[in-house]
Amino acid sequence: MTSTGIEINDLVVRFGRFTAVDHLTLAVKPGELFGFLGPNGAGKTTTIKVLIGSLRPTSGSVKVAGFNIPSEFEKAKPIFGYVPDTENHIEEFSGRENLELYADLYGVSRAVVGPALARLELSEAAEVAVRRYSKGMRRKLLIAREILHEPQILYLDEPTANLDIHSTALVRQLLRDLAARGTTVFLTTHDMEEVEQICDRVAILCKGKLVESDTPTNFVTRHVKRIVAAQYERNREVVRESLDLDLDEQRERLAELIRTERCVRVHSQEFNFHDVFLKLTGQTYA
Amino acid sequence: MIRISMLQILLGREFMRLKKNPSALLLLGMLAAVALLMATSRPVDKPAKPVADNFWIIYDRETAWVQFLAKNRPEHPPIKVLKKDRLTNPNSNGRISLPPGDCGLEIKHKDVGEGVEVSLTGLYFGPSSDIMDPLMNWFWPKVVEFQDEKVKFDYLPQLMGGRRQKTAEETSLSDLVKAEVVGTVLLLIVQFFTCCHLLVSFTSQDRERGTLTALVLSPARMSEILVARFIFHLALSMSGSIAVVAILQPAALARPVLWLTLLLTSIGLMSVGTCIATMAKTQASAALLGLCYMLGGAVLFYLSTKFTAFGLLKRMSFESYSFLLIYQTLKAPIVVEQAMLLGMGWLVGIVLAWVYVARTTFYRFGWR
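As a convention, each chain's residues are numbered from 1 in the sequence order in which they are written. Think of it this way: whatever chain is written first is A, whatever ligand is written first is 1, and the rest follow in order. In keeping with the predicted nature of the model, local features appear solely for residues at pLDDT of at least 70, side-chain atom pairs appear and are counted solely at 80 or more, and the whole-chain, interface and lining totals rest on all residues.

Q: Just give me the short version of the overall build of chain B, but keep the residues and values in it.
A: Helix and strand labels come from DSSP, where a helix needs a run of H or I of at least four residues and a strand needs a run of E of at least two; each type is numbered from the N terminus. Helix and strand counts for chain B come out as 13 helices and five strands. Comment: burial labels come from other C-beta atoms within 10 Å of the residue's own C-beta, placed from the backbone, where a count of 20 or more is buried, 12 or fewer is exposed, and between is partly exposed. In chain B, which comprises 368 residues, the proportion classed as buried is 34%.

Next comes the structure, spelled out in structure tokens:
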């Protein structure tokens, strides 16, 4: 075992002339909930495919819980779980039968199946064939399947896609609990709120290159603008004005509004992770 | 290293999946029903088979093994051993004429290099060369007993009166319209359905749904997944074959050559299935390719009866040898030497070639 859960060193993946991952270096600590962000085609899924041994890297090295991937892939298999972005259940089997098969494959008691189903609120549908499940239920069943063996490392590709608000909260809480118990959680998502709420650390990938990696708090500190919104009366109408506190002129304007007692309300503007993401990846709103 | 416990889990998965697949079970049930229908619709009173009064072994040269045959003749059936010139009618242009009701085996020797090539011509009367069976059932084991590696045998039954019976390669389906033919066709359909169609269908479905990736990422190794899959389809094929043979021709259940042929055919068809599952991108295209393979084989069989050029292609397909061997073993027990004459060697060779092609294709493209 090494000190890190996942170590990616100078990873390069090329498909012909196209470079999907370009000299990526990253380390994820054990028990960390790590968010992997990036626009479409940034190389997130390609990186995960390398991590789970499905894709051979062009160059660079990858270590998962101390095992070199892909050379020690077979040794690493029992210690990780992978929730793909598309469901891959056996449609004819019931939810319970699907989970029992994987409990057998991982060599854990079938007794863990019931609690796993209950945790994802699937107990009532346990005996129903998966082909009758909704998209959200399938997604939850997939997560239930991958936590059966209590993996050291859990990879999730868009884990809360197709989930309603309640189920999203359920899954987020589950991921936080897993991380608290020492599981390294590596997730890709487009949901900025999710990143802010649950991730310990975030990496932003764009065109295969690592743009920035830090904690959400540091991102906020570094990228937040010191802007306040002031509402004041003018000709018996309430007017709203944004003022940048880093600019002397606008700081004085705020002071004046407060001094003349015309100001009705002053509040700070919330940090927007989405804006930071777009700024860092060089994208703009449509 | 294959783990038995893992194989058990994976086999359980395959059987459970089949249990939950009504269309596959329905087709297997239909095949058994057809076999049952065939068995119950057979005429109860079969016409009595003609029996030969005497058997003759006629030779052109008195060699050590001819002497051995003469010395080891059984009491029954009665066999007479004579040199050819003592039986030939001077007016028959060298043709042998046997007494009415008798059958014989003509042995001709030809020196080839250091060895000797022996051609055997079975001389029989009646509707079928089956009448020769009592003689041949004694003769072949004796050949084995007196084995000389430098001797090569070539056997051809010939209807007395000048008309020659068709050889194995020339035999077409229309010549063999009997219960055994239906049994043979049913067995081949069972083999194709279980070993090729289902293998291709289940594998491409697994790949399309991503369940194969999920299995590969679980502690199960790819080799274990492959072995479990092959064992499952082989077990299914053998169970189906046992059911068909038990219903149609129970006596054939104890014929090892039949099971060897079925085993080889299953392996051949699984190799074909592996190639199709590897090359086809979707389940629909895989199913179509499987169907095309079966229909292509049927068309090839038909064309080979019409055009000689297709005969060569037919000989390159292992199914043509499987067909003849299954047919013959359903009809009567055959010994290994007879099986070799009917193309067992070719069957083994072509199946091994398919296994090699499947292995190479799998390692080149994989199933993921």
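Q: Summarise the interface of chain B and chain A; cite the residues concerned and give the values.
A: Facing the 16 residues of chain B at the interface are 17 residues of chain A. Secondary-structure elements contributing two or more residues to the side of chain B that touches chain A are α1 (4–19) and α6 (211–217) of chain B. In terms of residue count, the dominant contributor to the side of chain B that touches chain A is α6(B) (four residues). Counted by class, the side of chain B that touches chain A contains five nonpolar, five polar and six charged residues. By the convention adopted here, residues make contact when the C-beta atoms placed from their backbones lie within 7 Å. In this classification, the charged set is Asp, Glu, Lys and Arg, the nonpolar set is Ala, Val, Leu, Ile, Met, Phe, Trp, Tyr, Cys and Pro, and all remaining amino acids, among them Gly, are polar.

Q: Describe the sheet that holds strand β4 (residues 59–64) of chain A, and please don't skip the residues or the numbers.
A: All names here are of chain A. Here four strands make up an open sheet; going across it, the order is β2-β1-β4-β5 and the pairing antiparallel. Two strands lie at the open edges of the sheet, namely β2 (18–28) and β5 (67–69), each paired on one side alone. Averaged over all pairs of adjacent strands, the angle between strand axes in this sheet comes to 25 degrees, irrespective of strand direction. Here β4 runs beside β5; their pairing, made up of three bridges, is antiparallel. When the bridges of β5 are listed, Val62 appears paired with Ile69. Two strands pair under a simple rule: DSSP has to find at least two bridges between them. Here, axes are lines fitted to C-alpha atoms. For helices the fit covers the stretch in contact, and angles between N-to-C directions go from 0 to 180 degrees.

Q: Which residues make up the packing of helix α7 (residues 222–248) of chain B against helix α8 (residues 256–279) of chain B, and what are the values?
A: All names here are of chain B. At a minimum axis distance of 10 Å, the contact between α7 and α8 shows a crossing angle of 135 degrees. When the interaxial angle is binned, α7 and α8 end up oblique. With respect to the hand of their crossing, α7 and α8 are arranged in right-handed fashion. On α8, the residues touching Phe230, His233, Leu234, Ser237 and Ser241 of α7 are Leu262, Ser266 and Met270. Taken together, the residues of the contact of α7 with α8 break down into four nonpolar, four polar and no charged. Note on terminology: angles under 35 degrees are roughly parallel, angles over 145 are roughly antiparallel, angles of 65 to 115 are roughly perpendicular, and the others are oblique. Take the far helix as the reference: if the near one is turned anticlockwise from it by less than a right angle, the crossing is left-handed, and if turned clockwise, right-handed.

Q: For helix α6 (residues 165–180) of chain A, give the residues involved together with the corresponding values.
A: Residues and elements named next belong to chain A. Here, expected helix span is obtained from the residue count minus one, scaled by 1.5 Å. Between its terminal C-alpha atoms α6 stretches 22 Å, which fits the 22 Å expected from 16 residues at 1.5 Å a residue. Every buried residue of α6 is listed here: Val171, Leu175, Leu178 and Ala179. Seen from one end, α6 has its buried residues packed into an arc of 100 degrees, which puts them on one side. Structural note: α6 exposes Ile165, His166, Gln173, Asp177 and Ala180 on the side pointing more than 90 degrees away from its buried face. In this structure, the buried side of α6 is in contact with β3 (33–37), α5 (135–147), β7 (153–157), β8 (184–188) and α7 (192–198). Positive backbone phi, at 110 degrees, marks Gly182, one or two positions downstream of α6. Read the arc as the range of directions from the helix axis to the C-beta atoms.

Q: Tell me about the sheet that holds strand β13 (residues 263–268) of chain A, and please be specific about residues and values.
A: Residues and elements named next belong to chain A. Ordered in space as β12-β11-β13, the three strands form an open sheet in which the pairing is antiparallel. In this open sheet, the two strands that pair with only one neighbour each are β12 (237–244) and β13. Between one strand axis and the next, the sheet turns through 20 degrees on average, direction left out of account. Here eight bridges tie strand β11 (residues 227–234) to β12, and the two strands are oriented antiparallel to one another. By the bridge assignment for β12, Glu233 is matched with Val238.

Q: Explain the pairing of strand β1 (residues 6–15) of chain A to me, using residue names and the numbers behind them.
A: Residue and element names in this part refer to chain A. As judged from the five bridges shared by β1 and β4, these two strands associate in the antiparallel manner. Bridging across to β4, Val12 finds its partner in Ser59. Note: β1 against β2, seven bridges, orientation antiparallel. Of the residues in β2, the one forming a bridge with Leu11 is Leu24. Here β1 folds back onto β2 in antiparallel fashion, the turn holding two residues, of which Gly16 has a positive phi close to 65 degrees.

Q: Lay out the confidence of the model for chain B in plain terms, naming residues and giving numbers.
A: Residue and element names in this part refer to chain B. Within a predicted model, pLDDT stands for the predictor's per-residue confidence, ranging from 0 to 100. Scored by pLDDT, chain B comes out at a mean of 82, with 86% of its residues at no less than 70. Averaged over each element, pLDDT in chain B is lowest for strand β5 (residues 151–159) (65) and highest for α8 (94). Across residues 162–166, where pLDDT falls below 50, the model places eight contacts with residues more than four positions away in sequence or in other chains. Low pLDDT (under 50) marks residues 170–176, which in the prediction has eight contacts with non-local residues, meaning those over four places away or in another chain. We note a pTM of 0.71 for the whole complex and an ipTM of 0.82 for its interfaces.

Q: Tell me what's going on with the nonpolar core, and back it up with residues and numbers.
A: Within the largest apolar cluster, 83 residues are counted, with the highest numbers of intra-cluster contacts made by Leu51(A), Val64(A), Ala144(A), Tyr155(A), Val185(A) and Phe186(A). Every residue in contact with Val64(A), bar those within four places of it in the chain, is listed here: Ile6(A), Leu51(A), Ile69(A), Ala76(A), Phe80(A) and Ile153(A). Note on terminology: a nonpolar core is any set of buried Ala, Val, Leu, Ile, Met, Phe, Trp, Tyr and Cys residues joined through C-beta atoms within 7 Å. Counting residues in each nonpolar core, the second largest holds 49 residues, with Ala277(B), Phe318(B), Tyr327(B) and Leu330(B) among its members.

Q: Could you give an account of helix α13 (residues 344–365) of chain B, naming the residues involved and the relevant values?
A: Residue and element names in this part refer to chain B. For α13, built from 22 residues, the straight-helix expectation of 32 Å at 1.5 Å per residue is met to within 8% by its first-to-last C-alpha distance of 31 Å. For α13, the full list of buried residues reads Met344, Leu347, Ile350, Val351 and Ala358. Taken end-on, α13 shows its buried residues confined to a sector of 125 degrees, consistent with a single buried face. Turned more than 90 degrees from where α13 packs its buried face, Gly345, Tyr356, Thr360, Tyr363 and Arg364 sit exposed.

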